[in-house]
Amino acid sequence: MHSDAAEIKKSIRTYMMVGAALLVFTVITVAVNQVHLGSVAMNVTVALIIASMKGSMVAAIFMHLSHEKRWIYGALLLTVAFFVVLMAVPLLTVSDTIGTPIHAAPSAAAEGAHEAH
Amino acid sequence: MNIPYTVETRPDTGLANGKLGIWLFLASEVMLFGALFSSYIILRTGSVEWPHGELSVWLGAINTVILISSSVTMVMAWASLKLNDFGKHRLYLILTFVLAGVFLVNKYFEYADHLTRGEGPWHSTFLAIYFTLTGLHGLHIVGGMIVMGYFIGPGAKMWKKNPEQFTNRIEYTGLYWHFVDLVWIFLFPVLYLL
């Protein structure tokens, strides 16, 4: 345990710097939210980019993912793949046509043509 | 019979069993919160209007600062054990426990404020998903506090018997705790700001 004491002391400095960076990013998140960036979509995008950067720092440094074994990377790769699928599920609501009167337009056009005669 | 590979690593995975175990658990947690985030997207994109300014940004930001600070103290609790300093470890773990408690007290005031105005989860779609997401996250905070409480109390005895196994246990507790912090990092902008 004593052999890697120097390594741990170096890591402690990194933990402190990352902690400080996370606090600064929190302030930036709140500050950016006070400014209207043109559209709601733009504000959402910027806020999520900052959150992703903060999340990456927590995962890489505090959770030691920057130097883990490949079994953990493998498990997380699968998790990321399934997570992306999960986040894509809302897209199905856009392509969902149940309840949409898809024949309404042609039949209305036909009715219009009938009336013209 | 002793539980195998609590300290030494398994030759095939290169990991102690507990490490792989906690990561698989966290993977399942990603899917649990992922399903709720996905629901949030569906509810929000499907709604005609979405409320802004219903929550106190300052209280949310303060809670973010509290959780980030608790992540730092948690990793310091583990690093102190690696440096063989049990006293400092204990101090940092108690600090993490207290910060978790302060987070919950803030959350209590937020909930109480809404509920006294009759704004429970039944009030709107936004509050329904807000209470669901923050409620589940709050339960994770409580879970983390129970584990930390155990290691501050009776679980601390293991340090004398098997310091390496104890250090690993604190590392796994830390991994869970950082995950809880990570979830909040996304919950804060999604619920309080956007």
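Residues numbered from 1 in each chain as written. Chains lettered and ligands numbered in written order. Predicted model: local features only at pLDDT ≥ 70, side-chain atom pairs only at ≥ 80, totals over all residues.

**Focus on the overall build of chain A**
A tally of regular secondary structure across chain A gives five helices and zero strands. Its helices and strands taken in sequence order, chain A reads α-α-α-α-α from the N to the C terminus. By residue count, 12% of the 117 residues in chain A fall in the buried class. (Helix = DSSP H or I, 4+ residues; strand = E, 2+ residues; numbered from the N terminus. Buried ≥ 20, exposed ≤ 12 C-beta atoms within 10 Å, placed from the backbone.)

**A closer look at the interface of chain B and chain A**
The interface of chain B with chain A comprises 38 residues on the first partner and 37 residues on the second. Those elements that provide at least two residues to the side of chain B that touches chain A are helix H1 (17–46), helix H2 (57–82) and helix H6 (163–193) of chain B. For the side of chain B that touches chain A, the element with the highest residue contribution is H1 of chain B, accounting for 13 residues. Taken together, the residues of the side of chain B that touches chain A sort by class into 26 nonpolar, 10 polar and two charged. (Contact = placed C-beta atoms within 7 Å. Nonpolar A, V, L, I, M, F, W, Y, C, P; charged D, E, K, R; others polar.)

**Side note on the confidence of the model for chain B**
Confidence in the prediction for chain B averages 95 pLDDT; 100% of positions are at 70 or higher. Two numbers describe this predicted complex: its pTM, 0.90, and its ipTM, 0.92. (pLDDT = per-residue confidence, 0-100.)

**Regarding the packing of helix H3 (residues 86–116) of chain B against helix H4 (residues 125–152) of chain B**
Residues and elements named next belong to chain B. Remark: H3 packs on H4, axes separated minimally by 10 Å, with the N-to-C direction vectors making an angle of 155°. Between H3 and H4, the interaxial angle falls into the category roughly antiparallel. The handedness of the crossing between H3 and H4 comes out as left-handed. Between H3, through Arg 90, Leu 93, Ile 94, Thr 96, Phe 97, Ala 100, Gly 101, Phe 103, Leu 104 and Lys 107, and H4, the contact on the second element is made entirely by Thr 134, Gly 138, Ile 141, Gly 144, Met 145, Met 148, Gly 149, Phe 151 and Ile 152. Taken together, the residues that form the contact of H3 with H4 break down as 11 nonpolar, six polar and two charged. (Axes fitted to C-alpha atoms, helices over the stretch in contact; angles between N-to-C directions. Parallel < 35°, antiparallel > 145°, perpendicular 65-115°, else oblique. Left-handed = near helix turned anticlockwise from the far one by under 90°.)

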